[in-house]
Amino acid sequence: MATSRPAVITLTALAPISWGTTYAVATEFLPADRPLFTGLMRALPAGLLLLALARVLPRGAWWWKSVVLGALNIGAFFPLLFLAAYRLPGGMAAVVGSVGPLFVVGLAALLLGQRPTPRTLLTGIAAAFGVSLVVLEAAGALDLPGVLAALASTASMSTGTVLTKRWGRPEGVGPLALTGWQLTAGGLLIAPLAFLVEGAPPALDGRAVGGYLYLAVANTAIAYWLWFRGIGRLTATQVTFLGPLSPLTAAVVGWAALGQALTPVQLAGMALAFGATVAGQIGPRRKAADPRTLAFGRAPRPAASRRDTSPDACVPRPAASRRDIRPDDCVPRPAASRRDTSPDACVSAGPGPRR
C-alpha cells in the first residue's frame with residue numbers, strides 16, 4: 001500500500017522529535033557522566049531487537065556497508081555528540097548540529113548529483129539561525145575540542161544520511177533489517193570504548209532502567225527505523241531538514257516538563273526554524289508534462305534522436321510504399337543491420353541497411 005508524501009514526511013519527522021526528548025530523559029532518569037554507556041544502551045539492545053524481528057543478516061558487500069553506515073550514523077555520531085554536549089556551553093552543540101542540512105546539500109551534490117539551489121541554501125542558513133536563537137546561551141567560553149567534536153558528529157551523521165540514500169537497500173530487504181544492521185554495528189563499535197573510558201557499568205535503579213528502555217525502544221529502535229525508512233522515500237535534503245525539530249522539541253520539553261522559561265527571542269527563533277523545516281520539504285517544481293504523454297502514456301522521441309533501441313521500436317515504411325499510415329506499421333529489421341535482437345525489432349523497408 002502506497003503512502004502519501006505528506007504522511008511519509010510526518011512519520012519521518014517523529015524521529016528527530018523523539019531525539020529531542022533525549023536530554024530531558026538523560027538528566028532526569030539516567031546516571032550522570034556516563035555518555036558512552038548511555039550511547040551503548042541506546043544502540044546495541046535496539047539493534048539486537050530489530051535483528052530478531054527482521055531475521056535477515058547482511059549478504060555480500062552489505063557486511064562492510066553496514067559497518068560503515070553503523071559507524072557514521074551510530075558508532076561515531078553518539079560519542080562525538082555526547083563529547084560536544086559535555087564540553088560546550090548551553091546549546092552550542094545543537095547550534096553546530098543545526099548546520100547539518102548544509103553539510104548534506106554539499107555531500108548530495110558530490111555523491112548524488114543533486115544540485116543545490118539558492119532557496120535550499122537560504123533555507124539551511126535560516127534553520128541554523130533559528131535554532132541558535134532558541135538554544136544558544138552567551139555564558140561560557142567556547143571549547144575548541146568541543147566545537148570540533150560537534151562539527152565531526154554533524155559531518156558523520158550527514159555523510160551517513162547521504163550514503164544511506166546512495167546505497168539504498170538490498171533487494172528484498174526492508175528498512176527494519178537495515179536499521180537493525182546499523183544499530184548493532186554501531187553498538188558493537190561503542191562497547192569497547194565505553195568500557196575502556198568509563199569502566200564497569202553503573203548500578204541501575206528502577207528509574208534508570210525505565211529511562212534506558214525508553215531510549216532503546218522508542219528513542220532509537222522506532223525512531224531510527226522511521227528515519228531510515230524516510231531516507232528511502234524522500235530526498236536526502238528533505239530528510240535532513242527535519243533535523244532542527246530535535247532542538248526545538250528539547251526546548252519545548254524543557255519549558256513544559258522542566259519549568260524552563262522561553263523568551264520572545266526564543267519563540268521567534270522557533271518560528272523561524274520551524275518555517276525553514278517546512279520550506280525544506282517543498283521539492284523543486286516539475287516541468288509540465290508533454291500533452292502527448294497524457295494522451296498516449298509517453299511522449300515520442302524526436303525523429304533525429306531515435307535509434308530504435310527499445311524492444312518494441314519500429315520505423316514507418318517509406319512514403320512511396322505506404323498504403324496504410326498507421327503508427328505501428330513496420331517491417332522486420334534486416335539481419336545484417338540488427339542491433340536489437342528482440343523478436344519485434346523492426347526498421348524501414350527502404351533498400352540497404354539503415355545508417
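We now turn to the structure provided with this report. (Residues numbered from 1 in each chain as written. Predicted model: local features only at pLDDT ≥ 70, side-chain atom pairs only at ≥ 80, totals over all residues. Heavy atoms only, no water.)

**Digging into the pattern of salt bridges**
With the rule as written, the count across this model stands at 1 salt bridge. A salt bridge links E198 to R34, with the nearest nitrogen and oxygen atoms 3.4 Å apart. Here the residue E198 occupies a position in helix α10 (residues 175-198), and R34 occupies one in the loop between α2 (22-29) and α3 (35-54), the gap between them amounting to 164 residues. Taken individually, E198 and R34 each receive the classification buried, so the pair is uniform in this respect. (Salt bridge = Lys/Arg side-chain N within 4 Å of Asp/Glu carboxyl O. Helix = DSSP H or I, 4+ residues; strand = E, 2+ residues; numbered from the N terminus. Buried < 20%, exposed > 50% of the residue type's maximum accessible area, 1.4 Å probe, protein only.)

**Examining the side chain of N73**
With respect to the secondary-structure elements, N73 resides in helix α4 (residues 62-75). With relative accessibility at 0%, the residue N73 sits in the buried group. A polar side-chain atom of N73 sits 2.7 Å from a polar atom in the side chain of Q182. Not counting residues up to four positions away in its chain, the partners in contact with N73 are M157, G160, T161, T164, Q182, Y224 and F228. (Polar contact = N/O pair within 3.5 Å; in protein donor to acceptor, adjacent residues only side chain to side chain. Contact = heavy atoms within 4.5 Å.)

**Here's the deal with the packing of aromatic side chains**
A full pass over the atoms with the stated rule returns 8 aromatic pairs. Between F77 and F78, the ring centres sit 6.0 Å apart and the planes meet at 50 degrees, which makes this aromatic pair tilted. Across the pair, F78 and F77 agree in class, each one buried. Measuring from centroid to centroid gives 5.9 Å for Y224 and F228, while their planes differ by 40 degrees, and the two rings are tilted. Of this pair, Y224 and F228 both sit in helix α11 (residues 206-233), separated by 4 residues, roughly a single helical turn. For the pair shown, Y224 and F228 are each scored as buried. The ring of F37 is capped by R34, whose NZ or CZ atom sits 6.0 Å from the centre of that ring. Its end group placed over the ring of W62, K65 keeps NZ or CZ at 5.1 Å from the ring centre. (Phe/Tyr/Trp six-rings, centres within 6.5 Å; stacked < 30°, edge-to-face > 60°. Lys NZ or Arg CZ within 6 Å of the ring centre and 35° of its normal.)

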